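This is what each chain is made of:
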Amino acid sequence: MPKTSLDVNTIRKDFPILNREVNGKPLVYLDNAATSQTPQQVIDVIVDYYQNYNANIHRGVHALSQEATDKYEEARIKIQKHFNAEKSYEIILTSGTTHSINIVANGFSSLIKKGDEILVSAMEHHSNIVPWQMLCERTGAELKVIPMNQDGELLMEVYSELLSNKTKLVFCNHISNALGTINPIEEIIEKAHKVGAAVLIDGAQAAPHLVADVQKLDVDFYTISAHKVCGPTGVGMLYGKEEWLKKLPPYQGGGEMIAEVTFEKTTYADLPHKFEAGTPNICGGIAFGAALDYMNTIGFENIAAYEHELLVYATTELLKIDSLKIYGTAQQKTSVISFNIDGVHPYDIGSILDKLGIAVRTGHHCAQPIMDFYKIPGTVRASFSFYNTQEEVDALLAGVKRAKTMLL
Ligand SMILES: *Cc1c(COP(=O)(O)O)cnc(C)c1O
């Protein structure tokens, strides 16, 4: 494997968990598409918060509350800069991608009606299908699917044909968590805007590998989860253009999101607070900012180049194994490999790998329609991060070969 400028052995020292053993073997963590590991730099920020300035935000006049508020708002600005949003209040801090999508899906209830159409891609995560189905049930709008080919690439000609002045919303993931496909979102957004439709891009799987510039993309909504970019669980982002966030009604009622409350009428707070009812995940938000800092220090260009090397090496070597099939062979893809061995259930491969200390995901990866498309119950998915090594890929290859001999 050629060497990129990324020094993986130094980077690995930042991740204490990578030193542990599982079933008496060194941990080989290849489930990064489900959640990433957390570097010491981010763990330190979490500890510092609870040791030194834990307080509720935006409320108290006291020093701790002010400190926590400042740090929380600094994190929002870090996130804004990272995604190049025009205004910091276009960044809504949520509990994660699922929450972000539900805010939009719920908000659109009052903006669409029977006869309108919503387009979703065939390779969506369940969190990007179910809220739209619920929205269609509430409103009578129709859900239409942008199909894909055997390689796991969207059929863009069909997409163009599906678009019409009835289309009000288009939803697509930036990168598929089950197949690794990088979708042509620039084109998706541009074409949707020509018919006046809004676009939500689910960036949960893209954020660990590349940086989306929301202004350059001209995207209406973009969502991510912190736990996939070396941050903690339970916190994420909804980016929305100001004009859309102003149009959407709030999702939840509660403290923080109001300007004035009487029993007759409540007026809502300005952005971003309108969508941030209740006490948020304060520590999580601050750690989210620290996680982006950490990844930016390594550099997304270095990350992408290094992960691509791992992907190419792992793909080439896996395909040398007889009767192994990879699902998701798009031209443009990130370091996710979904595969099966003929005649073997993915779960059995996953269990044997686990005994060897190797963590992969098996099953439908919250994307059952993709599995139905390929007529399979699920796949084994190995997903690589910038802290994985070639030796770990070798451990996977050896493990898969061993599983094959045991199971066939
Ligand atoms: C992980 C993931 C989600 C869901 O994220 P949560 O953090 O569970 O809300 C949605 N879409 C994609 C593409 C994902 O990879």
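For the structure, see preceding data.
Note that the structure is predicted; figures quoted are calculated from it, not measured.

(A) Molecular detail of the overall build of the chain. Looking only at helices and strands, the chain features 14 helices and 17 strands. A compact globule built from 408 residues should have a C-alpha radius of gyration of about 22 Å, and the chain, at 22 Å, falls within 12% of that. Referenced to the eigenvectors of the C-alpha coordinate spread, the extents of the chain come out at roughly 70 × 55 × 35 Å. Looking at the chain as a whole, 55% of its 408 residues are labelled buried. A separation threshold of at least 6 residues defines the contact pool for the chain, and within that pool the share at least 24 residues apart is 72%. Here the chain contributes 36 positive and 48 negative side-chain charges, whose respective centroids are spaced 4 Å apart.

(B) Expanded view of the pattern of salt bridges. Under the defined criterion, the tally for this structure stands at 17 salt bridges. The partner of Glu242 in a salt bridge is Lys87, and the shortest N-O contact between them spans 2.8 Å. Of this pair, Glu242 sits in helix α9 (residues 242–247) while Lys87 sits in the loop between α3 (63–82) and β4 (91–94); the two residues are 155 residues apart in sequence, bridging distant segments of the chain. On the basis of relative accessible area, Lys87 is assigned to the partly exposed category, the value being 23%. The salt bridge involving Lys320 is made with Glu317; its shortest N-O contact spans 2.9 Å.

(C) Representation of the site of the ligand in the model. Near the ligand, the surroundings consist of Thr97, Thr98, His125, Ser127, Asn177, Asp202, Ala204, Gln205, Ser225, His227 and Lys228. A distance of 3.5 Å is found between an oxygen atom of the ligand and a backbone nitrogen or oxygen belonging to Thr97. The contact in question runs from an oxygen atom of the ligand to an N or O atom on the side chain of Gln205, over 2.5 Å. Coverage of the ligand by the protein amounts to 86% of the 380 Å² it exposes when considered alone. The class makeup of the residues in the shell around the ligand is one nonpolar, eight polar and two charged.

(D) The nonpolar core, seen in detail. Counting 105 residues, the largest nonpolar core has Val170, Tyr222, Phe288 and Phe386 as its most contacted members. Apart from residues lying up to four places away in sequence, Val170 is in contact with Leu119, Ile146, Tyr159, Leu163, Ile188, Ala192, Ala197, Ala198, Val199 and Leu200. Residues Trp132, Leu200, Leu245 and Leu271 belong to the second largest nonpolar core, which totals 24 residues.

(E) Geometry of the environment of Ile79. The topology assignment puts Ile79 in helix α3. Between the C-alpha atom of Ile79 and that of Met237, which follows or precedes it by 158 residues, the distance is 8.4 Å. Dropping the residues within four chain positions of it, Ile79 is found in contact with Ile91, Leu93, Met237, Phe288 and Leu292.

(F) Geometry of the packing of helix α12 (residues 346–355) against helix α14 (residues 390–407). Two numbers describe how α12 lies on α14: the axes approach to 9 Å, and their chain directions differ by 125 degrees. The pairing of α12 with α14 is recorded here as oblique in orientation. Taken as a pair, α12 and α14 cross one another with a handedness that is right-handed. The residues of α14 that touch α12, namely those facing Asp348, Ile349, Ile352 and Leu353, are Leu396, Gly399, Val400, Ala403, Met406 and Leu407. Its residues assigned to classes, the contact of α12 with α14 shows eight nonpolar, one polar and one charged.

(G) The environment of Val235, seen in detail. Tracing the chain through its elements places Val235 in the loop between β9 (221–225) and β10 (236–240). A C-alpha to C-alpha distance of 3.9 Å links Val235 and Ser95, two positions 140 residues apart in sequence. Other than its neighbours up to four places away in sequence, Val235 contacts Thr94, Ser95, Gly96, Ser225, Ala226, His227, Asn281, Gly284, Gly285 and Phe288.

(H) Seen up close, the pairing of β10. The buried fraction of β10 is high, at five of five residues. Residues Gly236, Leu238 and Gly240 line one face of β10 and the alternating positions Met237 and Tyr239 line the opposite face, and both faces are buried. As judged from the four bridges shared by β4 and β10, these two strands associate in the antiparallel manner. Across the sheet, residue Ile91 finds its bridge partner in β10, namely Tyr239. Pairing of β9 with β10, which is carried by five bridges, proceeds in the antiparallel orientation. Pairing of Thr223 across the sheet is with Leu238, part of β10.

(I) Inspection of a nonpolar patch on the surface at higher detail. There is a patch of nonpolar side chains on the surface, built from Ile258, Val261 and Tyr268 and spanning about 270 Å² of accessible area. With respect to the helices and strands, Ile258 occurs in strand β11 (residues 258–261).

(J) Molecular detail of unusual backbone geometry. Cis geometry is adopted by the peptide bond preceding Pro272, which originates at Leu271 and carries an omega value of 0 degrees. Here Pro272 lies in the loop between β12 (266–268) and α10 (282–298). Of note, the phi angle at Asn23 is positive, near 50 degrees, even though the residue is not glycine. Summarising the element assignment, Asn23 is placed in the loop between β1 (21–22) and β2 (25–26).

(K) Quick peek at the sheet that holds β9. Spatial strand order, β4-β10-β9-β8-β7-β5-β6: seven strands in an open sheet with mixed pairing. Only two strands of the sheet have a single partner each, and these edge strands are β4 and β6 (142–146). With strand direction ignored, the average angle separating the axes of adjacent strands in the sheet is 20 degrees. Across the sheet, helix α5 (residues 130–139) touches β5 (117–121), β6, β7 (167–173) and β8 (198–202), and the angle it forms with β6 is around 145 degrees.

Definitions and cut-offs
- Residues numbered from 1 in each chain as written.
- Predicted model: local features only at pLDDT ≥ 70, side-chain atom pairs only at ≥ 80, totals over all residues.
- Heavy atoms only, no water.
- Helix = DSSP H or I, 4+ residues; strand = E, 2+ residues; numbered from the N terminus.
- Rg over C-alpha atoms; globule rule 2.2 N^0.38 Å.
- Buried < 20%, exposed > 50% of the residue type's maximum accessible area, 1.4 Å probe, protein only.
- Contact = heavy atoms within 4.5 Å.
- Lys, Arg positive; Asp, Glu negative; His and termini not counted.
- Charge placed at Lys NZ, Arg CZ, Asp CG, Glu CD.
- Salt bridge = Lys/Arg side-chain N within 4 Å of Asp/Glu carboxyl O.
- Near = heavy atom within 4 Å.
- Polar contact = N/O pair within 3.5 Å; in protein donor to acceptor, adjacent residues only side chain to side chain.
- Areas by Shrake-Rupley, 256 points an atom, 1.4 Å probe, with all protein chains shown as cover.
- Nonpolar A, V, L, I, M, F, W, Y, C, P; charged D, E, K, R; others polar.
- Core = buried A, V, L, I, M, F, W, Y, C linked by side-chain atoms within 4.5 Å.
- Axes fitted to C-alpha atoms, helices over the stretch in contact; angles between N-to-C directions.
- Parallel < 35°, antiparallel > 145°, perpendicular 65-115°, else oblique.
- Left-handed = near helix turned anticlockwise from the far one by under 90°.
- Pairing = 2+ DSSP bridges.
- Patch = residues over 30% accessible without salt bridge, like charges linked within 9 Å, V, L, I, M, F, W, Y side chains within 5 Å.

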